Amino acid sequence: MRTPALHPQAFLRSLGFVLDKKPHQIDRLLLRSLSPEDRESLQLIWAMRNAGYSDGLAMYGVPKTLKQAALLFSHDWKRAEATMSWFHRIVDKLQPSSVTEMGCGAGFLLNYLQKEFQGLRLQGVDEADNLILIGSDLTGSELIRGDYLNTEPDGAYDLVICDFGFDNARFVPSQTTHSIAEIEGVRFCPGCSQDLKVQLDAYLKAWRQWVNMDGCLAIAGRFSNFGQLKALVEAASEVGWYPSLQESTILVVEAHGIIERFPALLFVTGTEYGRPSLEDLARFYVG
């Protein structure tokens, strides 16, 4: 695999990410960068989230500039560094001519791939007007403002990527009675997994429309238990995408004293990698 010419950490720093300060210090820098009106709005969003009255997702609608967006996402820079490295490896492995990102935000990952792979045709979709404007300016491309669940594709791409392009707060909690099942010693709730799979069906069906017949999907996200990962794999299989566990990984990131594990999976249409069983998936999940 080709070594990146620009390390993700250096790239993030070049965009204005703050890599060496504590969360409260980053928050102060962000607040100082905002207009008085936006500062008041963000403080209210944080207060409502901290009190448990909202999910806080409205904060993504606050940044108006690249600097502000970089500061907002600086809390998560270690995760961004890890996923950028993995997506770089996947693009280098597959050598697609075109890539589109679902939930592209301010275009950070697209711009990184743009710098690393000359001539790669890139597109991105996000429903936040402010982030699309920032991302379009950053990449020099007209990214698409819209909900990727119902936005019509502007073409067929070789690879769809999704780098934390959705928040788990969007999913409706399962109303099914909880139970415990086990695969290869890995426990999960079948009802929760099935109910999430039904919701993920819409995501995978929508994303499948953006790729060529043999196009692939690469996704990294907060799938915090095996039941969630199982739901993703089963939803993907219904549209003809199957995980290549050889090219997939579990990203382990430590930030602010907390260690998190983030599955990053490549889904392909062919059978050259085989079609792993749920037992294979469970073994992959536990490492």
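Structure first, text after, so check above.
Reading guide: rules and limits
Residues numbered from 1 in each chain as written. Predicted model: local features only at pLDDT ≥ 70, side-chain atom pairs only at ≥ 80, totals over all residues. Heavy atoms only, no water. Salt bridge = Lys/Arg side-chain N within 4 Å of Asp/Glu carboxyl O. Helix = DSSP H or I, 4+ residues; strand = E, 2+ residues; numbered from the N terminus. 1 Å grid on protein atoms, 1.4 Å probe; cavity = no way out; pocket = protein on both sides within 12 Å on 5 of 7 lines; lining within 4 Å. Points joined across faces, edges and corners; volume = space filled by probe spheres on them. Nonpolar A, V, L, I, M, F, W, Y, C, P; charged D, E, K, R; others polar. Phe/Tyr/Trp six-rings, centres within 6.5 Å; stacked < 30°, edge-to-face > 60°. Buried < 20%, exposed > 50% of the residue type's maximum accessible area, 1.4 Å probe, protein only. Lys NZ or Arg CZ within 6 Å of the ring centre and 35° of its normal.

Another point: the pattern of salt bridges. Using the criterion set out here, one finds 17 salt bridges in the structure. Between D76 and R222 there is a salt bridge; the shortest N-O distance is 3.5 Å. One end of the pair, D76, is in the loop between α4 (66-72) and α5 (77-94); the other, R222, is in the loop between β7 (211-220) and α9 (226-237), with 146 residues separating them in the sequence. The structure contains a network of salt bridges with shared partners spanning D76, R79, D163, R222 and E260.

On to the layout of surface pockets. Roughly 290 Å³ of internal volume is contained in the second largest pocket. Listing elements by their share of the lining of the second largest pocket, those giving two or more residues are β6 (186-188), α8 (190-208) and α9. In terms of residue count, the dominant contributor to the lining of the second largest pocket is α8 (five residues). Split by residue class, the lining of the second largest pocket holds eight nonpolar, seven polar and three charged.

As a further point, take the packing of aromatic side chains. Throughout the structure, instances matching the rule amount to 16 aromatic pairs. Taken together, a centroid distance of 5.6 Å and an interplanar angle of 70° make the contact between F166 and F171 edge-to-face. For F166, a relative accessible area of 10% corresponds to the buried category. Above the face of the F117 ring, R2 is positioned so that its terminal group lies 4.7 Å from the ring centre. Note that R261 overlies the ring of Y285, its terminal NZ or CZ placed 5.2 Å from the centroid.

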